Amino acid sequence: MKKFFSEFKEFAMRGNVVDMAVGVIIGGAFGKIVTSLVNDVIMPGIGVLTGGANFSEFKYVLKSAVVDGTTQEVITPEVAITWGAFVQTIVDFLIIAFCIFLAIKVMNKMMRKKEEAPAEEPAPAGPTQEELLTEIRDLLKQQADKNK
């Protein structure tokens, strides 16, 4: 059992798994932003173009709801194909896909600029450890000869 948890810990702490988790979380938040954009900005405009109707409420009723005549309580709910909500989901997807396309396009452009940038010349290499030790030995030898 201990081995199982250590393997799981190793798997979960790999960089790519953590990066993927961060991507999923950011993607979820980005999805909420796009959904709000579609629901609160784009779809009302489409509703105006379609005569003021709420686009997400468009549906095809297969079977009407059964309602009790005296209490107005719904006995059997309505069965409907909510094609307006489906179209709205497609619009969400297209906007998300377009935004991701633009983000990847910008990142690729930045990567190309980075690759095309001239490489900096490496700084001249300093003396090796052996060369430094040799210099120190020689200096100590000179000091010892002066003190004699």
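Residue numbers here run from 1 along each chain, matching the order of that chain's written sequence. Selection of residues for local features in this predicted model requires a pLDDT of at least 70, selection of side-chain atom pairs for listing and counting requires 80 or more, and totals for whole chains, interfaces and linings are taken over all residues. Computation of side-chain values: all heavy atoms of the structure, hydrogens and water removed.

## Overview of the packing of aromatic side chains
Whether two aromatic rings pair depends on their centres lying within 6.5 Å, for rings of Phe, Tyr and Trp, where Trp uses its six-membered ring; planes under 30 degrees apart make the pair stacked, over 60 edge-to-face, and the rest tilted. For the coordinates displayed, the defined rule picks out two aromatic pairs. Seen from their ring centres, Phe4 and Phe5 are 5.6 Å apart, and the 70 degrees between their planes marks the pair as edge-to-face. Look at Phe5 and you get partly exposed, because its relative accessible area is 49%. The cut-offs for exposure are 20% and 50% of the maximum accessible area for each residue type, with area from a 1.4 Å probe on protein chains only; residues under the lower value are buried, those over the upper are exposed, and the others partly exposed.

## Regarding the nonpolar core
The biggest cluster of nonpolar side chains holds five residues, and these are Val34, Val38, Met43, Val91 and Ile95. Numbering goes from the N terminus for both helices and strands, where a helix is a DSSP run of H or I of at least four residues and a strand is a run of E of at least two. Contributing elements (two or more residues each) for this core: helix 2 (15-49) and helix 3 (83-116). Per-element tally for this core: the top contributor is helix 2, with three residues. Nonpolar cores are built from buried Ala, Val, Leu, Ile, Met, Phe, Trp, Tyr and Cys residues. Side-chain atoms within 4.5 Å join them into one set.

## A closer look at the confidence of the model for the protein chain
Averaged over every residue, the pLDDT of the protein chain is 81; the share at 70 or more is 92%. Scored from 0 to 100, pLDDT reflects the predictor's confidence in each residue. Per-residue pLDDT, averaged within each element of the protein chain, yields its smallest value for helix 2 (79) and its largest for strand 4 (residues 79-81) (92).

## Topic: a nonpolar patch on the surface
Together, Tyr60, Leu62, Val79, Ile81 and Trp83 give the surface a local cluster of nonpolar side chains, amounting to about 510 Å² of exposed area. Sorting the residues of the nonpolar patch by element identifies strand 1 (60-63) and strand 4 as the ones contributing at least two each. Note that Ile81 resides in strand 4. Distance thresholds for patches are 9 Å for like charges and 5 Å for nonpolar side chains (Val, Leu, Ile, Met, Phe, Trp, Tyr), applied to residues having over 30% relative accessible area and no salt bridge. Computed with a 1.4 Å probe, the accessible areas rest on the Shrake-Rupley method; for each residue, only the protein chains presented here act as cover. Here, a salt bridge means any side-chain nitrogen of Lys or Arg that lies within 4 Å of a carboxyl oxygen of Asp or Glu.

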